[in-house]
Amino acid sequence: MTEQVEVPRQEAPEHETVPEFRARARAWLAAHVPLESPGEPFLQWDDEGVARDRAIQRSLWDGGIAGVHLPREYGGLGLSAAHQEAFREEAAEYRMPENFGNAFNVVIPTLLTHGSELLKRRHIPRILRGDDIWCQFLSEPSGGSDLAGLLTRAERTEGGFVLDGAKIWTTGGNYSDRAICLARTNPDVPKHAGLTMFVVDMRTPGIEIAPVRLLDGSADFCQEHIDDVFVPAENVVGEVDDGWRVATTLMVNERSAIGRGWSLGGQRGQQADTGIGLAPELLDLARELGRDTDPSVRALIGERWVLEAVMAATTKRVGAAIAAGDLPGPAAAILKAMSGATAVRRGEIDLAVAGVRAAAAPAGGGELWGLHRLSSHGIGGGTTEMQRNAIAERLLGLPREPSDDRVVPFRQLRQNTRPA
Amino acid sequence: MAFGLSDDQELFRSTCRRALQERAPVERVRELLDDPVGFDRATWAAGAELGWTAMFVPEELGGGSVSGEALVDAAIVAEEFGRSVHPGPALVTNVVAAGLARAASPELAERVLPGIAAGELVATWAFAGPDDALPAEPPVTAVPDGAGHRLDGVASYVPDAAAADLLLVSATTPDGPAQFLLPRDAPGIEVQPLETLDLARRLASVRFTGVAAGPETVVGTVGGAAGDLEHQLRVALVLQCAETTGATARGLAMTVQYAKDRVAFGRPIGSYQALKHRMADHRMWLEGSAAITAHAARAVALDRPDAAIAPRVAAAHVGRRSTATLHDCIQLHGGIGMTWEYDLHLYFRRVISNEVLLGSPDQHQRALVDIAEEAAA
Ligand SMILES: Cc1cc2nc3c(=O)[nH]c(=O)nc-3n(C[C@H](O)[C@H](O)[C@H](O)COP(=O)(O)OP(=O)(O)OC[C@H]3O[C@@H](n4cnc5c(N)ncnc54)[C@H](O)[C@@H]3O)c2cc1C
């Protein structure tokens, strides 16, 4: 019953060398894509940011430079990793459609590994053309770290499944077209063995989306009530009850993308030949406050540069080592944990150097330095504590805390709860 | 291979590790703790065959490096030394070799570099003051005297001075810094051993009293040696970071193994999150140490735009984090970690001492601010 999906094609020459491709990408980007402006937010989840990112992705498609290393049968260019790297280098200066980050970094690799031919042919080209933004339906009000303990149910029905439950902290939920959604299909087996991964159309009746504001005031994520939502059987990713395997692939891809820097383009100023830079902002602030001659302040400013440089060098090293097979996939937890620890210390340093300036700034201008301390937690994408578990157990081989939650049927476990 | 090592370098690493394990296991290191010279000539000779002191010496003078990346190869040796708390002057000899390869006249280079490459000459570097690892001006003074110079003053914390054949002396002249290469037994040079925290490392004060340094001993130009000193410091910082990283990796590996084997309250102590999360953090910072040290090695070797910045960044990170790690390794061992017999303190001693020997983390961090201000001026 596989319906035939017509896969659209980009206009692009066949058999392009890397330099030929690079020249073409460079010319198209220069003519059609805006430069990244300094200080602009990485993710902009509002009408303007979403419309702009859709237009940019569409423009990459129109220019024949979208999905560089993705297979041609799913709308990509089918070029090599070296072509893709050339694209990232050329794109480093430009605004990339980062709202498509989940789609490219997480969804496409997961579909390529586990998805049916139908799902791949239907969804990958729509992402490449800028049609579909994706979000991840993993965390629930009852828990995120213990993902395999989730409560959302998927019951079999005529032609598919009916989903009931709730999801939360969904980045970009209110602007997304599709979700990749993990739900429980069998509660009578241990928790990892009864999960299934689905593709869910966000416009299906029964999905109610409410934005949730973050502590810094931004509104990047949402909560969703899922009430009798029908999902056709063809939307199962991989096999029914084998969703944990699909989720593992998803999380490995998520962490290695975090390791690469998440951005769909290359990172500016991180090229090997320029090396470590010393960003002037904090030193400028200290000078403005007359603290730049204080030796302890100078040591703190230096420490902030040290933190940034170590994070950048480690990101490159671990990313390359995982790609080469010198470190196992869970080593990506080092990067996630380090970025958490780095953010915390950076926040402390900024507060110490800024002093009272961290508490208030002139209205409409001036940086509110205390914000760096306010939102320096490592939670999204898996908490710092969970990264420590991964490093300790998967990398160092230390034993887990004893628990029978992997062997007892889910129904008999004490379930995750949301405190009142 | 931008960040990893080439196959040749991996082979070199495993050969070095095997040589150290076979010839200088920690029992042998312990035997040498009370030895006045403090290192093992037989291991030294074997190391010379493997090229431990040849990498900075040009091929036509009998040197050469495994991979063509001299500093990266030297850092491999340094890391393995750290892993074995190996004593001896290979690292500082390499710093001197790097300085000579850069600045020595062809005659001077020809006179000493073949001997260094072959392991026949041990060299060390005298530059620190009694109260400052990184004095703004070298503590030894050199004043013109006839065709040459006369050296006076005391240099401190000089590694393996008693065993050295050659001393590279950084000195302050009326025209600016200069460097001289002198035989250690030249008249007027007096070596006074210091009591060291790192029991497997010999440090000494070296007093210069009216020491005559002829024009043939000058390395680089008199008054114009600032760049040479800076380069030697960068090389020394990279090698020190590599050594500390090796020692820390070993200490942490011992601790993780112990936490798997030691049982308390009915299960291995390594299964308690309160302990394993700490080990995870140490593993994380250790990866950072390896990454930033590798980055710094290449930045210095290729004279990249961050060649001054990267070794200081590495020294600040590696120094502070490694000491914290080794401290916690002992804590996680309980009582056994506090004993003389258990080897952990040997590693801890090296790591603490390395944190401050070439300047403290705070000093390096402040130096970064100096660099930023100079660049902006
Ligand atoms: C900015 C942001 C964006 C996000 N985007 C998404 C998204 O797009 N999609 C999505 O599905 N989710 C998303 N999340 C959710 C995120 O993945 C979860 O918040 C996270 O996994 C933690 O789950 P929780 O909030 O339920 O906390 P809990 O799991 O309840 O954890 C509470 C505390 O207990 C600790 N803890 C729990 N279990 C253990 C354990 N075994 N060992 C030690 N400590 C433990 C945690 O570390 C934490 O400190 C996002 C979160 C943030 C902050």
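Keep in mind that this is a model prediction, so the values were computed, not measured. (Residues numbered from 1 in each chain as written. Chains lettered and ligands numbered in written order. Predicted model: local features only at pLDDT ≥ 70, side-chain atom pairs only at ≥ 80, totals over all residues. Heavy atoms only, no water.)

J.: Residues and numbers for the layout of surface pockets, please.
T.: Over the atoms rolls a probe the size of a water molecule, and in doing so it shows where empty space is left. All names here are of chain B. When its volume is computed, the second largest pocket comes out at roughly 630 Å³. Lining of the second largest pocket is provided by 25 residues; of these, Leu 134, Pro 135, Ala 136, Glu 230 and Leu 233 occupy positions nearest its centre. Mapped by element, the contributors of at least two residues to the lining of the second largest pocket are strand E4 (166–173), strand E5 (176–183), helix H7 (226–261) and helix H11 (361–376). Per-element accounting of the lining of the second largest pocket gives the leading share, seven residues, to H11. Taken together, the residues that form the lining of the second largest pocket break down as 13 nonpolar, five polar and seven charged. Formed jointly, the lining of the second largest pocket draws a minimum of three residues from each of two domains, domain 2 (124–219) and domain 3 (226–376). (1 Å grid on protein atoms, 1.4 Å probe; cavity = no way out; pocket = protein on both sides within 12 Å on 5 of 7 lines; lining within 4 Å. Points joined across faces, edges and corners; volume = space filled by probe spheres on them. Helix = DSSP H or I, 4+ residues; strand = E, 2+ residues; numbered from the N terminus. Nonpolar A, V, L, I, M, F, W, Y, C, P; charged D, E, K, R; others polar. Domains from an automatic or database assignment.)

J.: Can you lay out the nonpolar core for me, pointing to particular residues and giving the numbers?
T.: In this structure, A:Ile301, B:Phe56, B:Leu100, B:Trp125, B:Leu181, B:Ile292 and B:Val313 are the most contacted members of the largest nonpolar core, which totals 141 residues. For B:Val313, the contacting residues outside a window of four places in its chain are A:Ile276, A:Val306, A:Ala309, A:Val310, B:Ile292 and B:Leu368. (Core = buried A, V, L, I, M, F, W, Y, C linked by side-chain atoms within 4.5 Å. Buried < 20%, exposed > 50% of the residue type's maximum accessible area, 1.4 Å probe, protein only. Contact = heavy atoms within 4.5 Å.)

J.: Can you break down the domain arrangement of chain B residue by residue, with the values?
T.: Residues and elements named next belong to chain B. Under the domain assignment used here, chain B contains domain 1 (7–121), domain 2 (124–219) and domain 3 (226–376). Computed from C-alpha atoms alone, the centre-to-centre distance between domain 1 and domain 2 is 22 Å. The interface is formed by 27 residues belonging to domain 1 together with 16 residues belonging to domain 2. Buried area between domain 1 and domain 2, summed over both chains or domains, comes out near 1600 Å², and the portion from carbon and sulfur atoms is 68%. When the buried surface of domain 1 facing domain 2 is broken down by residue, Leu 33, Val 92 and Val 96 rank first, second and third, together holding 27% of it. Summed over the shared surface of domain 1 and domain 2, the number is zero salt bridges. Summed over the shared surface of domain 1 and domain 2, the number is four residue pairs in polar contact (both at pLDDT 80 or more). In terms of residues, the side of domain 1 that touches domain 2 owes the most to one element, helix H5 (residues 90–103), which gives six residues. Residue classes in the side of domain 1 that touches domain 2 are distributed as 18 nonpolar, four polar and five charged. (Buried area = accessible area lost by both parts, 1.4 Å probe. Salt bridge = Lys/Arg side-chain N within 4 Å of Asp/Glu carboxyl O. Polar contact = N/O pair within 3.5 Å; in protein donor to acceptor, adjacent residues only side chain to side chain.)

J.: Go over empty space enclosed by the protein, please, and point to the residues and values.
T.: All names here are of chain B. For the structure shown, the criterion picks out four cavities of 30 Å³ or more. What lines the largest cavity is a set of 19 residues, among which Val 92, Pro 159, Arg 201, Leu 357 and Leu 358 lie closest to the centre. Every element with two or more residues in the lining of the largest cavity is listed here: H5, strand E3 (148–159), H7 and helix H10 (344–357). With four residues, H7 is the single largest residue contributor to the lining of the largest cavity. The class makeup of the residues in the lining of the largest cavity is 13 nonpolar, three polar and three charged.

J.: Please give an account of the environment of B:Gly129 that cites residues and values.
T.: Residues and elements named next belong to chain B. Note that Gly 129 resides in the loop between strand E1 (123–126) and strand E2 (140–145). For Gly 129, a relative accessible area of 5% gives the class buried. With 24 residues separating them along the chain, Gly 129 and Gly 153 place their C-alpha atoms 9.6 Å apart. Leave out the neighbours within four places in its chain, and Gly 129 touches Pro 135, Pro 139, Ser 156 and Tyr 157.

J.: Residue-level account of the UniProt feature "domain: Acyl-CoA dehydrogenase/oxidase N-terminal" (unreviewed entry) in chain B, with values.
T.: Per the UniProt record, the feature "domain: Acyl-CoA dehydrogenase/oxidase N-terminal" (unreviewed entry) sits at residues 6–120 of chain B. Secondary structure over residues 6–120 of chain B splits into 63% helix and 0% strand, and the C-alpha atoms at its two ends are 29 Å apart. (UniProt positions renumbered as here; feature names shortened; annotations may be inferred.)

J.: Kindly report on the domain arrangement of chain A, identifying the contributing residues and their values.
T.: When the parts of a complex come together, some accessible area is lost, and that lost area is often taken as the interface size. Once the domains are mapped, chain A shows domain 1 (18–96), domain 2 (136–247) and domain 3 (278–382). Here the C-alpha centroids of domain 2 of chain A and domain 3 of chain A sit 34 Å apart.

J.: Which residues make up helix H1 (residues 18–32) of chain A, and what values go with them?
T.: Residue pairs spaced three or four apart in an α-helix point in one direction, given the helix's 3.6 residues per turn. Residue and element names in this part refer to chain A. Taking 1.5 Å of rise per residue, the 15 residues of H1 would be expected to cover 21 Å, and the 21 Å separating its terminal C-alpha atoms lies within 8% of that figure. Turning to H1, its buried residues number three or more, namely Phe 21, Ala 25 and Leu 29. Each buried residue of H1 lies within a common arc of 60° when the element is viewed along its axis, so the set occupies one face. Set apart from the buried face of H1 by more than 90 degrees, the exposed residues are Pro 19, Ala 30 and Ala 31. The inward-facing, buried residues of H1 contact helix H2 (47–62) and helix H3 (81–91). (Expected span 1.5 Å × (residues − 1). Arc of directions from axis to C-beta.)

J.: How would you explain H3(A) if you had to name every residue and give the values?
T.: Regarding H3(A), the residues found buried are A:His83, A:Gln84, A:Ala86, A:Phe87, A:Arg88, A:Glu90 and A:Ala91. A distance of 3.2 Å separates the backbone nitrogen of A:Ala82 from a side-chain oxygen at the start of H3(A), and that oxygen is part of A:Ser80.

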